[in-house]
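Coordinate analysis (summary)
The lines below spell out each chain.
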Amino acid sequence: MKIMITGGNGSLGSRLAAPLVWRGDQVTLLDRSPDPRVRTPEFDQCTVAVADIADKEQVSKIVADGEFDSIFHLAALMSSDAEENPDVAWQVNMIGTCNVLETAREHGVGRVIFTSTVASYGHMTEDPVPVDAPQWPESLYGATKVAGERLGVYYHYRFGVDFRGLRLVATVAPFGSTGGASGYCSQVYLDAVQKGAYEFYLKPETRAPIIYIEDAVGALIGLHDAPASDLTRRVYTLSGIAPSAEEFAASIRRVLPEVQFTYKPDPVLDPIVASWPDRYDDSASRADWGWDPGYDLDAITDAVIPALRAAIEG
């Protein structure tokens, strides 16, 4: 298959490219930067298209020339960056999504996979959160993702675009995203390896829902590959595990016993993280296309720390 990944040089996009290349897909990475966040051996087998996702003419030409079967639309300005740069967030998250959907329609792209977020729900008291719970996001990032979901569903019913959306929880990865309230999930590993210490901006008991990057990649491919006849909805939700800050510390100390952890709860960030539900109803994902996460907290720790050590020491 011919596949394009927008935001293809980012943390998730660069890791998604590898298994697609392994199985023989021709992969094009569209990004503002020519350099990948994570350089893998498979990167050299991809085509890199440097472009602004908000530039309709650029996107249309790349899609027309590429004759793609599918697009994974991952390009987005994340939560904290979106709050600091709302005009840019609108261009990337809204205009960019519109451009992807419109060019997919114009040039006959068979499938569009869209990454959304559980932040689209806003403050919720139900646990687990039902997949069809009302979406009242409290951030610009969440609002643009709700709009992207609805626009994609519209393009499906109005124009026949095979739109499939996936709401992700916080994703943990070596050198992963550290922006927003959930950024500690990746930063704690980096600081533990590099500095031998980390200060949580959370209370020890504060929890957050997370998944490992490899589970996120597997979920995106699983949803993409699912036969259309098996799908009962257009947008799916993932759940994961919800370790507390002190459980993160204990898992890391199991591998790096000398690391020092302290806790200084931030009056803004800790209440935000504490307000998130621990679980989301992902039963439709499990039933329709076989979502089954493979990493618990210790497995994440056992994957992230060696990867960081190899990158830093190598």
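The structure under discussion appears in the preceding block.
Residues numbered from 1 in each chain as written. Predicted model: local features only at pLDDT ≥ 70, side-chain atom pairs only at ≥ 80, totals over all residues. Heavy atoms only, no water.

**Concerning the side chain of Glu-102**
Where we set the bar: What counts as a helix is a DSSP run of H or I of at least four residues, what counts as a strand is a run of E of at least two, and both are numbered from the N terminus. Any residue under 20% of the maximum accessible area for its type is buried, any over 50% is exposed, and the rest in between are partly exposed; the area is computed with a 1.4 Å probe on protein chains only.
Note that Glu-102 resides in helix α4 (residues 86-107). With a relative accessible area of 16%, Glu-102 lands in the buried category.

**Some remarks on the pairing of strand β1 (residues 2-6)**
Rules: Look down the strands so they point away from you; if the path from the first strand over the helix to the second goes clockwise, the crossover is right-handed. Pairing between two strands requires that DSSP report at least two bridges joining them.
Of all 5 residues in β1, 4 are buried; the element is thus mostly enclosed. Taken together, β1, helix α1 (residues 11-22) and strand β2 (residues 26-31) constitute a β-α-β crossover, and its handedness is right-handed. Strand direction decides the pairing type here: β1 and strand β4 (residues 70-73), joined by 4 bridges, are parallel. Bridging from a neighbouring strand, Thr-6 pairs with His-73 of β4.

**Comments concerning the nonpolar core**
The condition that has to hold: Among the buried residues, those of types Ala, Val, Leu, Ile, Met, Phe, Trp, Tyr and Cys that are joined through side-chain atoms within 4.5 Å form a nonpolar core. Contacts are residue-level and defined by heavy atoms, with any inter-residue pair within 4.5 Å sufficient.
Counting 69 residues, the largest nonpolar core has Ile-5, Tyr-184, Tyr-189 and Trp-289 as its most contacted members. Looking at this core, the element that brings in the most residues is helix α7 (residues 213-225), giving 7 residues. Setting aside residues up to four positions removed in sequence, Tyr-184 forms contacts with Tyr-198, Phe-200, Tyr-201, Leu-202, Arg-207, Ala-208, Phe-248 and Val-273. Among the nonpolar cores identified, the runner-up in size contains 23 residues, and Ala-49, Phe-68, Ala-75 and Phe-114 belong to it.

**Quick word on the pattern of salt bridges**
In plain terms, the rule: The rule for a salt bridge is simple: a side-chain nitrogen of Lys or Arg has to be within 4 Å of a carboxyl oxygen of Asp or Glu.
One pass over the full model with this rule turns up 18 salt bridges. The salt bridge involving Arg-23 is made with Asp-25; its shortest N-O contact spans 2.6 Å. Take Asp-25: its relative accessible area is 10%, and that puts it in the buried class. For Asp-162, the salt bridge goes to Arg-164, with nearest N and O atoms at 3.0 Å. Each member of the pair Asp-162 and Arg-164 is classed as buried.

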